[in-house]
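Each chain is listed here by its residues.
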Amino acid sequence: IETTGSQPEESSVSSTSLAYPSLHSSTSLRPVPFQQPSSLLTFSYNPQRVLEFTNSALRYYIDPPPGADLRYGYERWIKRPEEKSRLDGLLRAIERIMEKADTSMGLGSGKKWLREIAVVTWRGVMTKILTAPYEERDGCEFNAMCVNGTIYLEEHLSDARLAEKEDIAPRHRQQTYYGYSFESWCTSSRPGIPEQIDGHPIGWGGDVDTNVQWCSVIKTKLGDNRLVVGGEVDCVRGEHQGRTDKLVELKTSMSIRGPEDEARFEKKLLKFYMQSFLLGVPEIVVGFRTPAGRLTTTQVFRTIEIPRLVRGKPGAWDPQICLSWGQHFLSTLKSVLSSQATSSESASTPRVWRVSLRPRDGVTITPLDADGVKEVQGGEDRVGFLPKWYYDLVSR
Ligand code: A3P
Ligand code: MG
Ligand code: MG
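Computed from a predicted structure; not experimentally measured.

(A) Expanded view of the pattern of salt bridges. Counted by the stated rule, this structure contains 23 salt bridges. Among the ionic pairs, Arg137 bridges to Asp138, the shortest N-O distance being 3.0 Å. One salt bridge connects Arg257 with Asp261, and the closest N-O pair in it is separated by 3.0 Å. The exposure class assigned to Asp261 is buried, which follows from its relative accessible area of 11%.

(B) Broad picture of the nonpolar core. Counting residues in hydrophobic clusters, the biggest one holds 60 residues, and the most contacted among them are Ile129, Leu153, Phe329, Leu337, Val355, Leu357 and Val363. Apart from residues no more than four positions distant in its own chain, Ile129 is found in contact with Phe142, Leu153, Trp325, Phe329 and Leu357. The next biggest cluster of nonpolar side chains, apart from the first, holds 31 residues, and it includes Tyr45, Leu90, Phe385 and Val394.

(C) Up close: the packing of helix H3 (residues 123-131) against helix H6 (residues 259-279). Their axes nearest at 9 Å, the elements H3 and H6 cross at an angle of 130°. By the angle between their axes, H3 is oblique relative to H6. Read as a crossing pair, H3 and H6 show a hand that is right-handed. Residues Arg123, Met126, Thr127, Leu130 and Thr131 of H3 form the contact with H6, whose participating residues are Leu270, Lys271, Met274, Gln275, Leu278 and Leu279. When its residues are assigned to classes, the contact of H3 with H6 shows six nonpolar, three polar and two charged.

(D) View of the coordination of the magnesium ion (ligand 2). Distances from the magnesium ion (ligand 2) to its protein donors, Glu232 (OE) and Asp234 (OD), fall within 2.2 to 2.6 Å. Between the two metal centres, the magnesium ion (ligand 2) and the magnesium ion (ligand 3), the spacing is 3.5 Å, with Asp234 acting as a shared donor. Among the residues examined, Glu232 registers a relative accessible area of 25% and is labelled partly exposed.

(E) Region of the structure containing the packing of helix H1 (residues 88-105) against helix H10 (residues 388-395). Packing of H1 against H10 leaves a shortest axis separation of 11 Å and a crossing angle of 35°. Regarding H1 and H10, the two cross each other, and that crossing is left-handed. Contacts between H1 and H10 involve Leu91, Arg92, Ile94, Glu95 and Met98 from the former and Trp389, Tyr390, Leu393 and Val394 from the latter. For the contact of H1 with H10, the per-class residue count stands at seven nonpolar, no polar and two charged.

The rules behind each value
Positions within a chain are numbered from 1, following the residues in the order the chain's sequence is written. Each chain is given a letter, starting from A, and each ligand a number, starting from 1, according to the order in which they appear as written. Only residues with pLDDT of at least 70 are given local features in this predicted model, and only at 80 or more are side-chain atom pairs given and counted; all residues enter the totals for whole chains, interfaces and linings. Excluded from the side-chain calculation are hydrogens and water; included are all heavy atoms of the structure. In the sections that follow, a salt bridge refers to a side-chain nitrogen of Lys or Arg positioned within 4 Å of a carboxyl oxygen of Asp or Glu. For the exposure calls, accessible area comes from a 1.4 Å probe over protein chains only, and a residue counts as buried if that area is under 20% of its type's maximum, exposed if over 50%, partly exposed in between. Throughout, nonpolar core names a set of buried Ala, Val, Leu, Ile, Met, Phe, Trp, Tyr and Cys residues whose side chains join them through atoms within 4.5 Å. Residues are treated as being in contact if the distance between any of their heavy atoms lies within 4.5 Å. Here, axes are lines fitted to C-alpha atoms. For helices the fit covers the stretch in contact, and angles between N-to-C directions go from 0 to 180 degrees. Only DSSP runs of H or I reaching four residues or more are called helices, and only runs of E reaching two or more are called strands; each is numbered from the N terminus. Any angle that is under 35 degrees is reported as roughly parallel, and any over 145 degrees as roughly antiparallel; angles of 65 to 115 degrees are reported as roughly perpendicular and all others as oblique. Left-handed describes a crossing whose near helix is turned anticlockwise from the far helix by less than a right angle; the clockwise case is right-handed. Three residue categories are used. Nonpolar comprises Ala, Val, Leu, Ile, Met, Phe, Trp, Tyr, Cys and Pro, charged comprises Asp, Glu, Lys and Arg, and polar comprises the others, including Gly. Coordinating donors are taken to be N, O and S atoms lying within 2.8 Å of the metal, or within 3.2 Å when the metal is Na, K or Ca; because water is excluded from the atom set, some sites may appear incomplete.

Structure representation (structure tokens):
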């Protein structure tokens, strides 16, 4: 760890830099244990994008029709606008988990439980952190706060970056749709029975509305850090029993035509793997497609077997490097944030930090100034980036 920033006063807050680990063989690393994720609760966003503590958005896996057309229904896609990916939904879930603890184990149990949690975040954030040592192209930024010993992490999207995401090229937009269309072809509202909707081909699961999502909130432990992580789950195989062992992740990818495509796919498998591994999703169904969006084949991967599949291949990666890095990153983040928990201007509110992951270079952790905090609040009723109601709930 290298610390920069050299203002002479004692109260000055400095920036911390972390380099990524070497990608050469992890045999010298002590394996970092990762606890099997266990489900805390599930929830749904309905078409109005209202969060419900129901399984209304849960879908059941069904084999897609051979040669399915992934362009089908594109004109009818109801696309959720790009927005800042706040933690609000996950925090509602945490409030509910705490209420349940209070009811079953006595008042105060919820808070006691939360105090043991080192990190609360969405799965997408953890995936980006853990795969960062291998990322060659995209950087990303997070906001971080520590409240009562728990670190909250949200992705930071500037207004400019949001506008950029909303304004994607038509071709790219079409390709993004293939992924959602595959989800529709692969799912049904009833286990084992293909959907049959009037006016649509058999097997079409319904027109795509990306407001609708089914989410799972799990707890796990990476090294000595307990994590609460929430993320979208595409569907379940068979009946849903409330556990993670029947969950299925759906993915599309271009058909593999040669060794270069294969190496590219093996690299991509790191993201598929980490995304599913973090939520305890044991199965990934990949739909291979032509450039024009015609489904060619599907292949089922057992999540835990993926690292062995890529070992020694051209696109190889090692999950131990990611986990060991993740443990190192989280421990550093914890010590930086808790040593300078509050800002000098107001000792009562937690400081907000910006974490930047730069491809190849490493990570910086920097305190935000007043303008930065204002941008993060976005004119809403928030303490830093946390909703005021949640901050009041957990800080008292
Ligand atoms: P594919 O992954 O099949 O391409 P998820 O796989 O996480 O369930 O996401 C479903 C689909 O959302 C993806 O399908 C992709 O089309 C789109 N998607 C997810 N993350 C994206 C991102 N960062 N950029 C663009 N599209 C994304
Ligand atoms: Mg999904
Ligand atoms: Mg998916």
